[in-house]
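# Observations on chain architecture
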Amino acid sequence: MSLFIENFSTITYLLAAALFILALKWLSNPATARRGNLAGEIGMLAAIVGTLIGHHVIRYEWILVGLVLGSLIGAPMAIWMPMTAVPQRTALSHACGALAAALVGTAHYYLFFKPIPHPPTTVTMIFLCLEILLGSLTFTGSLMAFGKLQDLLPTRPMVYRGQNILNFAILTLAVLCAAAVVIQPAWTWLFPLILLLAATFGVLLILPIGGADMPTVIALLNSYAGLSASMMGFVLDNRLLIIAGALDGASGLILSIVMCKAMNRSFTNVLFGAFGQVRASAGAAEKKNVRSGSPEEAAQIMEAAQSVIVIPGYGMAVAQAQHKVRELYDQLSKRGVDVKFAIHPVAGRMPGHMNVLLAEAEIPYDRLIEMDEINGDFPQCDVALVVGANDVVNPAARHDQSSPIFGMPILDADKARTVMAIKRTMNPGFAGIENELYFAENCMMLFGDAKAVIASVARELTESN
Amino acid sequence: MILAETSDFSSYFFVFLLAAFLGLEVIKRVSPLLHTPLMSLTNAISAISVVAAIEICGLEKGQTSVLATVLGTIAVAAAFANIVGGFMITDRMLRMFKPRGADKASAKVQK
């Protein structure tokens, strides 16, 4: 029994590690996903209780302050944050996680010297430096991503001459300072400089990232935040931290690879390519014919259709149109029209963004189909309805080698019998590329706010009932 | 002391490697449908760094500095915000994912 009490925190950590792995395993299927989340919660609770009871913890007052503050910040964000703001919240939570890692690393570093000096080993210092480098650059990087997603900062890429060279120089300088501290741990004056340099690098790294690249960047920041937690585990001889951090790092890595593949681009291209700059010269306004339709016409065509595929994009999130889309889905389903949703992996501002919004509108998840599965259905489909998506349906990606998105896998909306695209104006989309889909003969443009247009189409269908 | 005194670093690498590969295998199977909840759940899980922050805050007075306590408290708050917020919003999202016919079935139960 005494053996059990002595090793209580180790046992809780072991339990937590097992539950975290089970949590991710159960998350793979929507039917067991909530159980997965519960497993994660229990694991976390076990680890926290184990730590609080553990013999390292003598004072409780500041822990309590931190826990209360954390709950006051975290809970309201989870309860009242609208689902359209999930990308922002995610960026913010990456910032919080990274901040915690950087601060813990900093506190540990200074504890090596005050009040009881006990110089760290070189290996400890290496991991501590990696922890705070990753932590502080992810902190500021995620705050920048938050600013862009929340429209506090311009979402267009911000570029200037020599940008990549400057970024690289700052990162190199940060690493050199870190190396110096590894060799001479007593140079405490150098430590704040490392934090500052890494934080500056985080800001500069996100400046040239455009909104369309946010899914990749958020996933990458997720990975960094996990890795810095893992490094903390190396410093602290804590295997639970290593495992949990590695799981988070792996998840972020997989998601960013998925996102990069879905755009046919490499990591370096996403990070340093400044995709989506305004290209002033690009095909200066060639006059082409566009067919514009009314909601009544759209309703008539859809009513006569057998199958409709809806292609949602970021525009649906901006217009908060998901609930109106659900009304349209109900009206069409009632008439026996087969309605499906085609989800491009990079639609929206974070991985899985569209799925969450449509699920919020109570559209059954078996109607949400991935790109590779649904692309074969477009040739037999009567209507492809594009709601606020743009580049992911641009046929130029298939054949136009001069197009910046050439080679990117797209949803073959153009192969449908009729294409309807809801758009505010004819302005090019996020990547600044003109979309030839809108000039195709089988395409009908529905101009206006996505929410308003869908609502009036749904109303037409209700009235003709 | 809460810091590692013996340098058993090679075993950490093995733990890291195994966890990373296991993570890659498990997470590869997560349906793209759930990629957003996946991200919020892994984010909540990696906020396990709260245990390190708790240990810093909980150090005996003679063994710690004001700086370490201040940084530790902020770190506990930041990590715990992720834990509370992360698990809650993940559950909120997962509750929304329903298969076809699920809403009718639950409506019947309510009647």
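Just so it is clear, the model here is predicted, and its values are computed rather than measured.

Check the secondary structure of chain A and you find 18 helices and 6 strands. Seen through its C-alpha atoms, chain A measures out along the principal axes to roughly 80 × 55 × 35 Å. Across the 465 residues in chain A, those meeting the buried criterion constitute 55%. Long-range contacts, defined here as pairs at least 24 residues apart, represent 80% of the contacts in chain A between residues at least 6 apart.

Okay, the domain arrangement of chain A next. All names here are of chain A. Partitioning chain A into structural domains gives domain 1 (85–272) and domain 2 (295–463). For domain 1 versus domain 2, the separation of C-alpha centres amounts to 37 Å. Taken together, the contact between domain 1 and domain 2 spans 17 residues of the former and 14 residues of the latter.

Turning our attention to the confidence of the model for chain A. Should pLDDT be low for a region, the predicted coordinates there are not to be read in detail. Mean pLDDT over chain A works out to 89, with 94% of the residues at or above the 70 mark. Of the regions scoring below 50 in pLDDT, residues 278–285 of chain A engages in 5 contacts with residues more than four places distant in sequence or in other chains.

Right, let's talk about the nonpolar core for a bit. Core analysis: the largest hydrophobic core is formed by 208 residues, its most contacted members being A:Ile311, A:Val386 and A:Val387. The biggest single contributor to this core is helix H4 (residues 66–96) of chain B, with 17 residues. Residues from two domains meet in this core; each of domain 1 (85–272) and domain 2 (295–463) of chain A gives at least three.

Contact geometry of helix H4 (residues 61–80) of chain A with helix H3 (residues 50–57) of chain B gives a least axis separation of 8 Å together with a crossing angle of 140°. Note that H4(A) runs across H3(B); the crossing there is right-handed. Of H3(B), the residues touching H4(A) (which contributes A:Trp62, A:Ile63 and A:Gly66) are B:Ala53, B:Ile54 and B:Cys57. The class makeup of the residues in the contact of H4(A) with H3(B) is 5 nonpolar, 1 polar and no charged.

Let us look at the interface of chain B and chain A. With 86 residues of chain B in contact, the opposing surface of chain A contributes 101 residues. A per-element tally of the side of chain B that touches chain A places H4(B) first, with 29 residues. The class makeup of the residues in the side of chain B that touches chain A is 54 nonpolar, 22 polar and 10 charged.

Time to look at the packing of helix H12 (residues 295–304) of chain A against helix H18 (residues 450–463) of chain A. Residue and element names in this part refer to chain A. The N-to-C vectors of H12 and H18 enclose an angle of 60°; their axes lie 8 Å apart at closest approach. Comparing their axes, H18 and H12 come out oblique. You can see that H12 and H18 cross each other, and the crossing is right-handed. Mapping the contact onto sequence places Pro 295, Glu 296, Ala 298, Ala 299 and Glu 303 in H12 and Val 453, Ser 456, Val 457, Glu 460 and Leu 461 in H18. Considered class by class, the residues forming the contact of H12 with H18 number 6 nonpolar, 1 polar and 3 charged.

The next point concerns the environment of A:Ile126. All names here are of chain A. Tracing the backbone shows Ile 126 in helix H6 (residues 122–149). Overall, the presence of 19 C-beta atoms within 10 Å leaves Ile 126 in the partly exposed class. Once the C-alpha coordinates of Ile 126 and Gly 352 are considered, the two residues, 226 residues apart in sequence, prove to be 36 Å apart.

So, about helix H9 (residues 214–236) of chain A. Counted at 1.5 Å a residue, the expected span for H9(A) with its 23 residues is 33 Å, and the 33 Å between its end C-alpha atoms agrees. At the exit of H9(A) stands A:Asp237, carrying a positive phi of roughly 60°.

This part is about unusual backbone geometry. Excluding glycine, residues mostly carry a negative phi; peptide bonds, for their part, are mostly trans. Residue and element names in this part refer to chain A. Here the residue pair Lys 114 and Pro 115 is connected by a cis peptide bond, since its omega of -10° sits within 30 degrees of zero. Mapped onto the elements, Pro 115 comes out in the loop between helix H5 (86–111) and H6. The phi angle at Asp 151 is positive, at roughly 65°, despite the residue not being glycine. Position of Asp 151 relative to the elements: it lies in the loop between H6 and helix H7 (163–183). Owing to 11 C-beta atoms within 10 Å, Asp 151 belongs among the exposed residues under this scheme. Residues other than glycine seldom take positive phi values, yet Gln 320 does so here, at roughly 55°. Relative to the assigned elements, Gln 320 resides in the loop between helix H13 (314–318) and helix H14 (322–334).

The next point concerns the sheet that holds strand E3 (residues 368–370) of chain A. Residue and element names in this part refer to chain A. Taken in spatial order, the 6 strands make up an open sheet running E3-E2-E1-E4-E5-E6, and their pairing is parallel. The sheet terminates laterally at E3 and strand E6 (443–447), the two strands that pair on one side only. This sheet shows a mean twist of 25° between the axes of neighbouring strands, independent of strand direction. Direction of pairing for strand E5 (residues 418–423) relative to E6: parallel, over a ladder of 5 bridges. If you follow Val 419 over to E6, its bridge partner there is Cys 443. Docked against the sheet, helix H15 (residues 353–360) engages strand E1 (307–312), strand E2 (338–343) and E3, running at close to 145° with respect to E2.

All names here are of chain A. Among the 6 residues in E5, 5 count as buried, and that is most of the element. As judged from the 5 bridges shared by strand E4 (residues 383–387) and E5, these two strands associate in the parallel manner. Residue Leu 385 lies in a different strand from E5, and its bridge partner there is Met 420.

This next bit is on the pairing of E4(A). All names here are of chain A. Most of E4 is tucked away: 5 of the 5 residues are buried. Neither face of E4 is left uncovered, since the one carrying Val 383, Leu 385 and Val 387 and the one carrying Ala 384 and Val 386 both have all their residues buried. By the bridge criterion, 5 bridges tie E1 to E4 in an arrangement that is parallel. By the bridge assignment for E4, Val 308 is matched with Val 383.

Basis of the calculations
Residues numbered from 1 in each chain as written. Chains lettered and ligands numbered in written order. Predicted model: local features only at pLDDT ≥ 70, side-chain atom pairs only at ≥ 80, totals over all residues. Helix = DSSP H or I, 4+ residues; strand = E, 2+ residues; numbered from the N terminus. Buried ≥ 20, exposed ≤ 12 C-beta atoms within 10 Å, placed from the backbone. Contact = placed C-beta atoms within 7 Å. Domains from an automatic or database assignment. pLDDT = per-residue confidence, 0-100. Core = buried A, V, L, I, M, F, W, Y, C linked by C-beta atoms within 7 Å. Axes fitted to C-alpha atoms, helices over the stretch in contact; angles between N-to-C directions. Left-handed = near helix turned anticlockwise from the far one by under 90°. Nonpolar A, V, L, I, M, F, W, Y, C, P; charged D, E, K, R; others polar. Parallel < 35°, antiparallel > 145°, perpendicular 65-115°, else oblique. Expected span 1.5 Å × (residues − 1). Pairing = 2+ DSSP bridges.

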